[in-house]
Amino acid sequence: MKEKPPPKTRSYAVDPRHILPMLRDLTELATVRLANKSTRRYAIQLGRNVRQHAFDARDPFPVIEHADLAAFLGCNEPREILLPPIDTISLSGLGFVVPYTLLATVVSALQPQRIFETGTFRGVSTLTMALNAPEADIYTLDLPEQYTESEVQTLSRGDREWVRLSRTSTGFAFQNHPAAKRIQQLRGNSLNFTPPAVLENTDLCFIDGGHSYECIQADTETALKILSPNGVIVWDDYAWFVDGVSQYLSELRHKLPLYRIADSQLVIFSKLISH
């Protein structure tokens, strides 16, 4: 067996050589670049990064490093992961691959037989899970193609925009893919969704639908009802700018052992850890 190289660890010690240049760059971004329309986005991104890092620093959740994720889920021999093509991943609108890499790692380690997802959108997460659990049946829930105003009244303005953008492309990523035969598209509203009997003993629930407190609570309660004895729940979008998710999960951590996956917006719960 090929011997693994020692892990490379990053030091976060303060290097005094960088303090003054850092302050200079910060001042430049906050003044000159903010005033210039062509470079303003860099200053705005800096503000977002500062908010996110401050949120991370305050976060009370225990953290699982990426390298430890498979072992946390009981898989001592991590499997290779598969990702959709980069042009398919770009359909998600996120612009980066890491969340799908982590989701693929979770699914590959678990090898679930049944998966339930809330928030299909364009189906990139759905396809990622299907590729890494080739024996799994996947059920993914999204709002009906034709929905009423009352069905989206609890959604944030951002969520309403995502709904509008995806009505004609829900599940587009997995349509016509060989894995599509194992994926069943469900239509309904999380707030009044009654899981069908086929979802009993679901091994993995991925919650990535509406981000209001009411939606995340409803999706979580559904997941807990159908979860198998060794089941896992993963929540997306635990971040400073998503109040409903962060508030609900901050409350839930007092009842369930929740962990955050390092440097991500993913929170995970395993029934095996709660026993």
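Structure shown above.
Asker: Mind showing me how you'd approach the sheet that holds strand β7 (residues 259–261) here?
Answerer: Strand pairing within a sheet occurs via backbone hydrogen bonds; the two strands may be parallel or antiparallel. The eight strands lie next to each other as β1-β7-β8-β6-β5-β2-β3-β4, forming an open sheet whose pairing is mixed. A strand with exactly one partner marks an edge of an open sheet, and here the two such strands are β1 (63–64) and β4 (183–187). As paired strands, β7 and strand β8 (residues 267–270) are joined by two bridges and run antiparallel to one another. Bridge pairing in β8 links R260 to V267.

Asker: How should the pattern of salt bridges be read in this particular structure?
Answerer: For side chains of opposite charge, pairing can occur when their charged atoms come near one another. The full count for this structure, using the stated rule, is five salt bridges. Close ionic contact of R17 with D15 constitutes a salt bridge, the shortest N to O distance being 2.6 Å. E28 is paired through a salt bridge with R33; the nearest N and O atoms lie 2.8 Å apart. Using a relative accessible area of 30% as the deciding quantity, one classes E28 as partly exposed. Residue R33 is classed as partly exposed on the basis of its relative accessible area, which comes to 28%.

Asker: Where do I start with a nonpolar patch on the surface in this structure?
Answerer: The grouping of V14, I19, L20, M22, L23 and L26 at the surface amounts to a nonpolar patch, some 610 Å² of accessible area in total. If you trace the backbone, L23 turns up in helix α1 (residues 19–30). A relative accessible area of 42% places L23 in the partly exposed class.

Calculation notes
- Residues numbered from 1 in each chain as written.
- Predicted model: local features only at pLDDT ≥ 70, side-chain atom pairs only at ≥ 80, totals over all residues.
- Heavy atoms only, no water.
- Pairing = 2+ DSSP bridges.
- Helix = DSSP H or I, 4+ residues; strand = E, 2+ residues; numbered from the N terminus.
- Salt bridge = Lys/Arg side-chain N within 4 Å of Asp/Glu carboxyl O.
- Buried < 20%, exposed > 50% of the residue type's maximum accessible area, 1.4 Å probe, protein only.
- Patch = residues over 30% accessible without salt bridge, like charges linked within 9 Å, V, L, I, M, F, W, Y side chains within 5 Å.
- Areas by Shrake-Rupley, 256 points an atom, 1.4 Å probe, with all protein chains shown as cover.

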